[in-house]
Amino acid sequence: MPNSDAYPFCLPFLRNGFELGFDAPVTIIVGENGTGTLLVFQERCQRQGFFIFDEPESALSRTRQLELLKLLRRIDRARNAQVIMATHAPMLMACPNARLLHLACPPNLKAPPHMV
């Protein structure tokens, strides 16, 4: 049993009985090419929702990135979900109908050392 005082289990949504439910049985396969990650994306994105992905390409091979791009296209066509994604992957930025935003530190502010 994890220690509820240790991070990330101390976060309120985990401490208060957060459960991740799936509509259908899902087997998560952990592999170097991101198979398990893609399965989770595919399962969760089959319903209405608001999804935030933080650099999903870091866990995906190029082939799996193409699969994620197909999933993003299906979400776009279904018009039942919104995705916000931080990515450095040109392949994912090429998603048709995507609105790309470049976030940077304003010139009048000094960027924190870890961002230089």
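Residues numbered from 1 in each chain as written. Predicted model: local features only at pLDDT ≥ 70, side-chain atom pairs only at ≥ 80, totals over all residues. Heavy atoms only, no water.

A. Quick look at the pattern of salt bridges. Applying the stated criterion across every chain yields a total of 3 salt bridges. A salt bridge links Arg 73 to Asp 76, with the nearest nitrogen and oxygen atoms 3.4 Å apart. Within this pair, Arg 73 and its partner Asp 76 are both found in helix α3 (residues 62-78), separated by 3 residues, close to a single helical turn. Each of Arg 73, Asp 76 and Arg 79 takes part in a single network of salt bridges with overlapping partners. (Salt bridge = Lys/Arg side-chain N within 4 Å of Asp/Glu carboxyl O. Helix = DSSP H or I, 4+ residues; strand = E, 2+ residues; numbered from the N terminus.)

B. Representation of α3 in the model. In this model, α3 (17 residues) spans 25 Å end to end at C-alpha, consistent with the 24 Å of a helix rising 1.5 Å per residue. When we look at burial in α3, the residues that qualify are Gln 65, Leu 68, Leu 69, Leu 71, Leu 72, Ile 75 and Asp 76. Viewed along the axis of α3, the buried residues span an arc of 160°, placing them on a single side of the element. Exposed and facing more than 90 degrees away from the buried side of α3 are Thr 63 and Arg 77. Residue Arg 79 follows α3 closely and has a positive phi angle near 55°. (Expected span 1.5 Å × (residues − 1). Buried < 20%, exposed > 50% of the residue type's maximum accessible area, 1.4 Å probe, protein only. Arc of directions from axis to C-beta.)

C. Broad picture of the nonpolar core. In this structure, Phe 41, Cys 45, Phe 53, Leu 68 and Leu 71 are the most contacted members of the largest nonpolar core, which totals 14 residues. Those elements that provide at least two residues to this core are α2 (35-44), β1 (49-54) and α3. If one sorts the elements of this core by residue count, α3 sits on top with 5 residues. What Leu 68 contacts, discounting residues up to four positions off in sequence, is Leu 38, Phe 41, Phe 53, Pro 56, Leu 60 and Leu 92. (Core = buried A, V, L, I, M, F, W, Y, C linked by side-chain atoms within 4.5 Å. Contact = heavy atoms within 4.5 Å.)

D. Looking closely at unusual backbone geometry. Phi is positive for Glu 55, which is not a glycine, with a value near 45°. Counting through the fold element by element, Glu 55 comes out in the loop between β1 and α3. A relative accessible area of 31% places Glu 55 in the partly exposed class. Residues other than glycine seldom take positive phi values, yet Arg 79 does so here, at roughly 55°. Position of Arg 79 relative to the elements: it lies in the loop between α3 and β2 (81-86).

E. Fine view of the side chain of Asp 76. Judged by its relative accessible area of 17%, Asp 76 falls in the buried class. For Asp 76, the contacting residues outside a window of four places in its chain are Pro 96 and Asn 97.

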